[in-house]
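Okay, here's what each chain looks like letter by letter:
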Amino acid sequence: MPGQQGFTLRFTAIDARKLKCDKIGLTNCLPIPIHMPLPRPAVSRLSDTVAAELEKRMLEGSLKPGDRLPPERALALELGVSRPSLREAIQKLVSKGLLSTRHGGGTHVTDRLEAHFVDPWQDMLRGHPLLHRDLLEFRQMLECQAAALAAERATDVDIDRLDQMYATLEASYSSDDLVTCIDADVAFHQAIAEAAHNVLIGHLSASLMRVIHGHVAGNLEHLHARPQRWNQLQSQHRAIWQAIREHQPQEADKAARMHIEFVRQSMENSSREAERRQSALRRVGDAIS
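(A) Quick peek at the overall build of the chain. The helix and strand inventory of the chain stands at 12 helices and 2 strands. Seen in sequence order, the chain has helices and strands lined up from the N terminus as α-α-α-α-β-β-α-α-α-α-α-α-α-α. Looking at the chain as a whole, 33% of its 289 residues are labelled buried. Residue pairs at least 24 apart in sequence account for 69% of intrachain contacts in the chain once pairs closer than 6 positions are excluded. Carbon and sulfur atoms form 58% of the exposed surface of the chain, whose accessible area is close to 18,300 Å².

Structure (C-alpha coordinates):
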(Lines give C-alpha, C1' and ligand atoms only; values in the text may rest on other atoms or scores of the structure.)
Protein backbone atom coordinates (compact mmCIF):
# COMPACT_ATOMS: atom_id res chain seq x y z
CA MET A 1 0.00 0.00 0.00
CA PRO A 2 1.22 3.48 -0.68
CA GLY A 3 0.91 4.50 2.96
CA GLN A 4 2.86 1.47 4.11
CA GLN A 5 5.49 1.96 1.41
CA GLY A 6 5.94 5.54 2.43
CA PHE A 7 6.41 4.49 6.05
CA THR A 8 8.93 1.81 5.03
CA LEU A 9 10.93 4.32 3.01
CA ARG A 10 11.07 6.77 5.89
CA PHE A 11 12.08 4.00 8.29
CA THR A 12 14.73 2.74 5.91
CA ALA A 13 16.25 6.23 5.62
CA ILE A 14 16.33 6.62 9.39
CA ASP A 15 17.72 3.13 9.89
CA ALA A 16 20.42 3.70 7.28
CA ARG A 17 21.48 6.85 9.06
CA LYS A 18 21.66 4.96 12.36
CA LEU A 19 23.69 2.20 10.76
CA LYS A 20 26.11 4.80 9.45
CA CYS A 21 26.52 6.19 12.97
CA ASP A 22 27.14 2.72 14.38
CA LYS A 23 29.72 2.10 11.68
CA ILE A 24 31.85 5.05 12.81
CA GLY A 25 31.52 4.10 16.46
CA LEU A 26 28.71 6.41 17.57
CA THR A 27 25.86 5.00 19.63
CA ASN A 28 22.39 6.34 20.23
CA CYS A 29 22.79 8.57 17.21
CA LEU A 30 19.44 10.05 16.27
CA PRO A 31 18.57 11.67 12.98
CA ILE A 32 18.51 15.43 13.05
CA PRO A 33 15.13 16.80 11.98
CA ILE A 34 15.53 18.65 8.74
CA HIS A 35 12.61 21.03 9.11
CA MET A 36 13.09 22.37 12.66
CA PRO A 37 11.66 25.89 12.92
CA LEU A 38 14.44 28.43 13.55
CA PRO A 39 13.92 31.19 16.15
CA ARG A 40 13.19 34.50 14.55
CA PRO A 41 15.80 37.21 15.23
CA ALA A 42 14.52 40.07 17.35
CA VAL A 43 13.63 43.03 15.19
CA SER A 44 14.92 46.25 16.72
CA ARG A 45 12.80 49.33 16.34
CA LEU A 46 14.34 52.32 14.63
CA SER A 47 13.68 54.43 17.72
CA ASP A 48 15.74 51.97 19.81
CA THR A 49 18.65 52.37 17.39
CA VAL A 50 18.39 56.16 17.60
CA ALA A 51 18.18 56.08 21.41
CA ALA A 52 21.28 53.85 21.51
CA GLU A 53 23.18 56.31 19.30
CA LEU A 54 22.29 59.23 21.58
CA GLU A 55 23.29 57.20 24.65
CA LYS A 56 26.62 56.42 22.97
CA ARG A 57 27.24 60.15 22.49
CA MET A 58 26.52 60.76 26.18
CA LEU A 59 28.89 58.00 27.21
CA GLU A 60 31.74 59.20 25.01
CA GLY A 61 31.27 62.77 26.21
CA SER A 62 30.26 64.41 22.96
CA LEU A 63 26.92 65.11 24.67
CA LYS A 64 27.59 66.43 28.17
CA PRO A 65 25.29 67.25 31.08
CA GLY A 66 23.53 70.50 30.35
CA ASP A 67 24.01 70.29 26.58
CA ARG A 68 20.98 71.09 24.48
CA LEU A 69 20.15 68.73 21.62
CA PRO A 70 20.12 70.26 18.14
CA PRO A 71 16.72 71.23 16.74
CA GLU A 72 14.55 68.25 15.93
CA ARG A 73 14.65 68.73 12.17
CA ALA A 74 18.46 69.08 12.09
CA LEU A 75 19.05 66.11 14.41
CA ALA A 76 16.66 63.87 12.46
CA LEU A 77 18.45 64.81 9.24
CA GLU A 78 21.87 64.15 10.84
CA LEU A 79 20.79 60.70 12.06
CA GLY A 80 18.95 59.89 8.83
CA VAL A 81 15.63 59.11 10.52
CA SER A 82 12.13 60.51 10.52
CA ARG A 83 11.09 63.05 13.11
CA PRO A 84 8.50 60.69 14.67
CA SER A 85 11.21 58.05 15.21
CA LEU A 86 13.47 60.68 16.77
CA ARG A 87 10.67 61.87 19.06
CA GLU A 88 10.04 58.30 20.19
CA ALA A 89 13.77 57.80 20.91
CA ILE A 90 13.91 61.02 22.92
CA GLN A 91 10.92 59.95 24.99
CA LYS A 92 12.67 56.67 25.80
CA LEU A 93 15.69 58.60 27.10
CA VAL A 94 13.46 61.02 29.01
CA SER A 95 11.85 58.04 30.76
CA LYS A 96 15.35 56.82 31.72
CA GLY A 97 16.17 60.23 33.17
CA LEU A 98 18.98 60.84 30.68
CA LEU A 99 17.20 63.69 28.87
CA SER A 100 14.80 66.36 30.03
CA THR A 101 12.41 68.38 27.91
CA ARG A 102 10.91 71.76 28.64
CA HIS A 103 8.18 73.35 26.57
CA GLY A 104 9.83 76.08 24.57
CA GLY A 105 13.21 75.30 26.15
CA GLY A 106 14.34 72.36 24.05
CA THR A 107 15.75 69.01 25.16
CA HIS A 108 18.80 68.86 27.45
CA VAL A 109 21.14 66.15 28.70
CA THR A 110 20.71 65.57 32.43
CA ASP A 111 23.49 64.85 34.92
CA ARG A 112 22.06 61.50 35.95
CA LEU A 113 25.26 59.61 35.04
CA GLU A 114 27.20 61.81 37.49
CA ALA A 115 24.75 63.16 40.07
CA HIS A 116 24.46 59.99 42.15
CA PHE A 117 28.24 60.01 42.58
CA VAL A 118 28.72 63.74 43.13
CA ASP A 119 26.02 64.75 45.61
CA PRO A 120 26.72 62.34 48.50
CA TRP A 121 30.50 62.67 48.24
CA GLN A 122 30.42 66.45 48.33
CA ASP A 123 28.48 66.21 51.61
CA MET A 124 30.87 63.58 52.96
CA LEU A 125 33.93 65.68 52.18
CA ARG A 126 32.48 68.67 53.99
CA GLY A 127 31.81 66.59 57.07
CA HIS A 128 34.92 64.39 57.04
CA PRO A 129 38.11 66.29 56.12
CA LEU A 130 40.21 63.12 56.46
CA LEU A 131 38.58 61.87 53.27
CA HIS A 132 40.64 64.42 51.33
CA ARG A 133 43.69 62.15 51.51
CA ASP A 134 41.73 59.19 50.13
CA LEU A 135 40.30 61.40 47.43
CA LEU A 136 43.76 62.53 46.32
CA GLU A 137 44.94 58.91 46.18
CA PHE A 138 41.96 58.09 43.98
CA ARG A 139 42.62 61.14 41.83
CA GLN A 140 46.25 60.08 41.41
CA MET A 141 45.25 56.60 40.25
CA LEU A 142 42.65 57.97 37.87
CA GLU A 143 44.68 60.82 36.36
CA CYS A 144 47.90 58.83 35.97
CA GLN A 145 46.05 56.06 34.15
CA ALA A 146 44.17 58.61 32.06
CA ALA A 147 47.39 60.38 31.05
CA ALA A 148 49.10 57.10 30.11
CA LEU A 149 46.13 55.90 28.05
CA ALA A 150 45.77 59.30 26.39
CA ALA A 151 49.44 59.18 25.35
CA GLU A 152 48.80 55.74 23.89
CA ARG A 153 45.39 56.26 22.29
CA ALA A 154 44.92 59.95 21.51
CA THR A 155 43.97 60.68 17.90
CA ASP A 156 45.01 63.75 15.98
CA VAL A 157 41.61 65.24 16.84
CA ASP A 158 42.26 64.63 20.55
CA ILE A 159 45.70 66.21 20.29
CA ASP A 160 44.29 69.29 18.55
CA ARG A 161 41.70 69.69 21.29
CA LEU A 162 44.30 69.16 24.01
CA ASP A 163 46.53 71.80 22.37
CA GLN A 164 43.63 74.25 22.51
CA MET A 165 42.92 73.48 26.15
CA TYR A 166 46.58 73.84 27.06
CA ALA A 167 46.86 77.17 25.19
CA THR A 168 43.83 78.46 27.14
CA LEU A 169 45.39 77.25 30.40
CA GLU A 170 48.72 78.93 29.60
CA ALA A 171 46.98 82.21 28.81
CA SER A 172 45.05 82.05 32.08
CA TYR A 173 48.27 81.70 34.11
CA SER A 174 49.35 85.20 33.21
CA SER A 175 46.04 86.77 34.19
CA ASP A 176 44.71 87.61 37.63
CA ASP A 177 41.36 86.05 36.81
CA LEU A 178 41.43 82.96 39.02
CA VAL A 179 37.93 81.88 37.99
CA THR A 180 39.10 81.57 34.37
CA CYS A 181 42.25 79.78 35.52
CA ILE A 182 40.28 77.26 37.59
CA ASP A 183 37.91 76.54 34.71
CA ALA A 184 40.84 76.14 32.30
CA ASP A 185 42.62 73.78 34.71
CA VAL A 186 39.55 71.56 35.07
CA ALA A 187 38.91 71.58 31.29
CA PHE A 188 42.53 70.60 30.57
CA HIS A 189 42.40 67.57 32.87
CA GLN A 190 39.00 66.55 31.52
CA ALA A 191 40.31 66.71 27.94
CA ILE A 192 43.06 64.29 28.96
CA ALA A 193 40.52 61.91 30.53
CA GLU A 194 38.42 61.92 27.37
CA ALA A 195 41.48 61.37 25.17
CA ALA A 196 42.05 58.12 27.09
CA HIS A 197 39.05 56.70 25.19
CA ASN A 198 37.70 54.87 28.22
CA VAL A 199 34.08 55.73 28.97
CA LEU A 200 34.34 55.14 32.73
CA ILE A 201 37.53 57.19 33.06
CA GLY A 202 35.88 60.07 31.22
CA HIS A 203 32.75 60.07 33.37
CA LEU A 204 34.52 59.39 36.67
CA SER A 205 36.93 62.23 35.94
CA ALA A 206 34.06 64.63 35.23
CA SER A 207 32.31 63.54 38.43
CA LEU A 208 35.49 63.79 40.48
CA MET A 209 36.20 67.30 39.24
CA ARG A 210 32.73 68.36 40.32
CA VAL A 211 33.30 66.85 43.76
CA ILE A 212 36.66 68.55 44.31
CA HIS A 213 36.02 71.79 42.44
CA GLY A 214 36.13 73.80 45.66
CA HIS A 215 39.42 72.19 46.67
CA VAL A 216 40.95 72.85 43.26
CA ALA A 217 39.89 76.49 43.55
CA GLY A 218 41.36 76.84 47.05
CA ASN A 219 44.62 75.21 46.05
CA LEU A 220 45.05 77.42 42.99
CA GLU A 221 44.41 80.51 45.10
CA HIS A 222 47.08 79.32 47.52
CA LEU A 223 49.61 78.69 44.73
CA HIS A 224 48.82 81.89 42.84
CA ALA A 225 50.01 83.90 45.84
CA ARG A 226 53.39 82.10 45.65
CA PRO A 227 55.07 82.81 42.28
CA GLN A 228 57.70 80.09 42.59
CA ARG A 229 55.08 77.40 43.29
CA TRP A 230 52.85 78.85 40.58
CA ASN A 231 55.66 78.43 38.04
CA GLN A 232 56.14 74.83 39.17
CA LEU A 233 52.48 74.17 38.51
CA GLN A 234 52.84 75.54 34.98
CA SER A 235 55.85 73.32 34.33
CA GLN A 236 53.97 70.23 35.48
CA HIS A 237 51.05 70.85 33.17
CA ARG A 238 53.47 71.44 30.31
CA ALA A 239 55.22 68.12 31.01
CA ILE A 240 51.93 66.22 30.98
CA TRP A 241 50.83 67.91 27.76
CA GLN A 242 54.11 67.25 25.97
CA ALA A 243 54.25 63.58 27.00
CA ILE A 244 50.74 62.96 25.70
CA ARG A 245 51.18 64.76 22.39
CA GLU A 246 54.48 62.90 21.85
CA HIS A 247 52.72 59.59 22.65
CA GLN A 248 54.96 58.62 25.59
CA PRO A 249 52.73 56.74 28.07
CA GLN A 250 55.36 56.18 30.76
CA GLU A 251 56.42 59.82 30.73
CA ALA A 252 52.79 60.92 30.86
CA ASP A 253 52.14 58.67 33.87
CA LYS A 254 55.25 59.98 35.62
CA ALA A 255 54.38 63.63 34.94
CA ALA A 256 50.80 63.18 36.18
CA ARG A 257 52.02 61.38 39.31
CA MET A 258 54.43 64.21 40.13
CA HIS A 259 51.66 66.74 39.56
CA ILE A 260 49.20 65.11 41.97
CA GLU A 261 51.91 64.68 44.60
CA PHE A 262 52.69 68.39 44.24
CA VAL A 263 48.97 69.18 44.66
CA ARG A 264 48.81 67.00 47.78
CA GLN A 265 51.78 68.77 49.36
CA SER A 266 50.35 72.17 48.44
CA MET A 267 47.01 71.37 50.04
CA GLU A 268 48.71 70.18 53.21
CA ASN A 269 50.83 73.34 53.34
CA SER A 270 47.76 75.49 52.80
CA SER A 271 45.92 73.69 55.59
CA ARG A 272 48.83 74.08 58.01
CA GLU A 273 49.15 77.77 57.19
CA ALA A 274 45.43 78.27 57.81
CA GLU A 275 45.72 76.54 61.17
CA ARG A 276 48.70 78.69 62.15
CA ARG A 277 46.80 81.82 61.13
CA GLN A 278 43.78 80.84 63.22
CA SER A 279 46.05 80.10 66.17
CA ALA A 280 47.72 83.52 65.82
CA LEU A 281 44.35 85.25 65.63
CA ARG A 282 43.18 83.49 68.79
CA ARG A 283 46.31 84.62 70.61
CA VAL A 284 45.75 88.20 69.52
CA GLY A 285 42.15 87.97 70.65
CA ASP A 286 43.17 86.60 74.03
CA ALA A 287 45.76 89.36 74.47
CA ILE A 288 43.22 92.08 73.69
CA SER A 289 40.61 90.66 76.06
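(B) Main features of helix 10 (residues 213-224). Look at helix 10: 16 Å from first C-alpha to last across 12 residues, which is about the 16 Å you get at 1.5 Å a residue. Every buried residue of helix 10 is accounted for by Val216, Ala217, Asn219, Leu220, His222 and Leu223.

(C) Region of the structure containing unusual backbone geometry. Positioned with a positive phi, histidine 197 is a non-glycine residue whose angle comes to about 55°. Relative to the helices and strands, histidine 197 resides in the loop between helix 8 (178-195) and helix 9 (199-211). Non-glycine residue histidine 247 carries a positive phi angle of around 55°. As for its position among the elements, histidine 247 is in the loop between helix 11 (227-245) and helix 12 (249-288). Residue histidine 247 is classed as partly exposed on the basis of its relative accessible area, which comes to 41%.

(D) Geometry of the pairing of strand 2 (residues 106-109). A two-sided burial pattern is seen for strand 2, the buried positions comprising Gly106 and His108 on one face and Thr107 and Val109 on the other. Across 4 bridges, strand 1 (residues 99-102) lies against strand 2 in antiparallel orientation. Looking at the pairing, threonine 101 lines up with threonine 107 of strand 2. The antiparallel pairing of strand 1 with strand 2 creates a hairpin that spans 3 residues between the two strands, and glycine 104 there sits at a positive phi of about 80°.

(E) Structural view of helix 8. With 18 residues, helix 8 extends 26 Å between its outermost C-alpha atoms, agreeing within 8% with the 26 Å of an ideal straight helix rising 1.5 Å per residue. Taken across its 18 residues, helix 8 has 13 buried, putting it largely inside the fold. Where helix 8 begins, the side chain of aspartate 177 points an oxygen toward the backbone nitrogen of valine 179, at a separation of 3.3 Å. Residue histidine 197 follows helix 8 closely and has a positive phi angle near 55°.

Rules behind the numbers
Residues numbered from 1 in each chain as written. Predicted model: local features only at pLDDT ≥ 70, side-chain atom pairs only at ≥ 80, totals over all residues. Heavy atoms only, no water. Helix = DSSP H or I, 4+ residues; strand = E, 2+ residues; numbered from the N terminus. Buried < 20%, exposed > 50% of the residue type's maximum accessible area, 1.4 Å probe, protein only. Contact = heavy atoms within 4.5 Å. Areas by Shrake-Rupley, 256 points an atom, 1.4 Å probe, with all protein chains shown as cover. Expected span 1.5 Å × (residues − 1). Pairing = 2+ DSSP bridges. Polar contact = N/O pair within 3.5 Å; in protein donor to acceptor, adjacent residues only side chain to side chain.

Limitation: the analysis is restricted to geometry and does not speak to function.
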